[in-house]
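Per-entry structural report
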Amino acid sequence: MHNTVTINDRARRVTESARKIRAPFTLDESLCLYSPQDNVESLSHPRIADWINYVTRDYDPKLPKAERRILLLMSCTKTKPYPFSSEHKAINQRLLDEGFKPVARNYLPQELQAQLEDTYSQDVLNLSPMVSESGTVIHRAVISEPMAYVPYESIATYEGKPSPATAYDDPGLFEKRGNAVSPWRMDCTATAISKTRWKWGVEELRHYVIMHNAMAETLAKVLARIGRLYTDRIAWVAPGLTHRSFVLGRDERAANKIVASRQVGSERLGLVGANDLLPAELRIECLPTSSHCKDAIQRLAKRLGTDPSRVGGTYSRGGTDATPLALPELLDVLIRRIKQ
């Protein structure tokens, strides 16, 4: 039941969420999604429903003519807007360093440009597609619940409206963090196992499956409609995490150590990936592989002059406040794939 403690707890979490949004953008409190139930409920939120309608029915990418067009799908980040996160800055700077340049002047607001560290080019905050001297086009997009698919050029605005991609916070599907619960909800079935950690109950598990599959289905709908614009469709998403699970087909899950179903009470509910729903010619390739990650750890240890067993923290934080996907040792994998 609702009580003062849980109501205050949500207020505290909203305050924490607001810190993740960089000015001039602001948090929409109704888009703070702290549990699987919040996530499923958000699918009927006017801003999210309108967004999903936009990307699945109306969105029309404006891409330069080229023999090779690559759709590069990246994970969402706690920092909003995504390009200002440590992870996206590292990825975008590496693309710039490899000779890819934005095709138009579509930048995030000047307030953010003024805060950008001197080690980065201002072009890391450019939202337009990128092209190399050889003519290869990279079109960036983000996999993010509850919106499923966020084209880079639509991060700030779409169809003349503010994008929800700069106004939300959604840690609600990350079960292992232990706080992806909404104890103030009447349908909360999670059990507290400490002052800060919870174990999901039947309703959290059930709503996770519902939301997971809704995101996979939306992603597949988008790619089924626009996927043929690209010669390559690459998801740069961490092994073992939810965003990769949204993509992978049933035949790919075992090799990626990602489950194909969840036990929910007495039921076993299947998890669907976008690749289950797409024809073979439109399937998405997920990188890096587990072997790529193992090799990156060895190379990171060599760069740091230490034993591989001692680089865990540096590796997991991507060398900064990011994920391993931002490490130069792993970005080498992405660049090789893009240039092959």
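Everything quoted here is computed from the prediction, not taken from an experiment. (Residues numbered from 1 in each chain as written. Predicted model: local features only at pLDDT ≥ 70, side-chain atom pairs only at ≥ 80, totals over all residues. Heavy atoms only, no water.)

1. Quick look at the overall build of the protein chain
If you tally the helices and strands in the protein chain, you get 12 helices and 13 strands. Relative to the 2.2 N^0.38 estimate, which gives 20 Å for 340 residues, the radius of gyration of the protein chain is 20 Å and therefore close to what a compact globule would have. C-alpha extents for the protein chain along the principal axes are approximately 60 × 50 × 45 Å. Counting every position in the protein chain, which comprises 340 residues, the buried fraction comes to 54%. (Helix = DSSP H or I, 4+ residues; strand = E, 2+ residues; numbered from the N terminus. Rg over C-alpha atoms; globule rule 2.2 N^0.38 Å. Buried < 20%, exposed > 50% of the residue type's maximum accessible area, 1.4 Å probe, protein only.)

2. Some details on the packing of aromatic side chains
For the coordinates displayed, the defined rule picks out 7 aromatic pairs. When the ring of Tyr34 is compared with that of Trp184, the centres are 6.0 Å apart and the planes differ by 90°; the resulting orientation is edge-to-face. Of the two residues, Tyr34 is situated in the loop between helix H1 (4-18) and helix H2 (36-42) and Trp184 in the loop between strand S7 (161-162) and strand S8 (191-192); the sequence distance between them amounts to 150 residues. On the basis of relative accessibility, which here comes to 1%, the residue Tyr34 falls in the buried class. Look at Trp184 and you get buried, because its relative accessible area is 8%. Arranged with centres 4.9 Å apart and planes meeting at 75°, the rings of Trp51 and Tyr158 form a pair that is edge-to-face. Of this pair, Trp51 sits in helix H3 (residues 46-58) while Tyr158 sits in strand S6 (residues 157-158), and the two are 107 residues apart along the sequence. Neither residue differs from the other here; Trp51 and Tyr158 are each classed as buried. By way of ring pairs, the aromatic residues Trp51, Tyr54, Tyr59, Tyr149 and Tyr158 are connected into one cluster. It is Lys89 that lies over the ring of Phe84; its NZ or CZ is 4.7 Å from the centre. (Phe/Tyr/Trp six-rings, centres within 6.5 Å; stacked < 30°, edge-to-face > 60°. Lys NZ or Arg CZ within 6 Å of the ring centre and 35° of its normal.)

3. Describing the side chain of Arg337
As for its placement among the helices and strands, Arg337 is situated in helix H12 (residues 328-339). Looking at Arg337, the relative accessible area reads 11%, which means it is buried. Reaching out from Arg337, the side chain makes a polar contact with the side chain of Asp232 at a distance of 3.1 Å. The contact partners of Arg337, leaving out residues within four places of it in the chain, are Arg68, Asp232, Ile234, Glu285 and Leu287. (Polar contact = N/O pair within 3.5 Å; in protein donor to acceptor, adjacent residues only side chain to side chain. Contact = heavy atoms within 4.5 Å.)

4. With respect to the nonpolar core
Where a protein is soluble and globular, its nonpolar side chains tend to be buried together. Tyr82, Leu95, Tyr149, Trp236 and Ile284 are the most contacted members of the largest nonpolar core, which has 92 residues in total. In terms of residue count, the dominant contributor to this core is helix H6 (residues 202-226) (10 residues). (Core = buried A, V, L, I, M, F, W, Y, C linked by side-chain atoms within 4.5 Å.)

5. Digging into the pairing of strand S1 (residues 69-75)
For S1, the tally of buried residues reaches 7 of 7 residues, placing the bulk of the element in the interior. The alternating pattern of S1 places Arg69, Leu71, Leu73 and Ser75 and Ile70, Leu72 and Met74 on opposite faces, both of which are buried. Taken together, the 7 bridges between S1 and strand S4 (residues 137-144) define a ladder with parallel strand orientation. By the bridge assignment, Met74 is partnered in S4 with Val142. Sheet topology note: the S1/strand S10 (residues 232-236) ladder contains 5 bridges and is parallel. When the bridges of S10 are listed, Leu71 appears paired with Arg233. (Pairing = 2+ DSSP bridges.)

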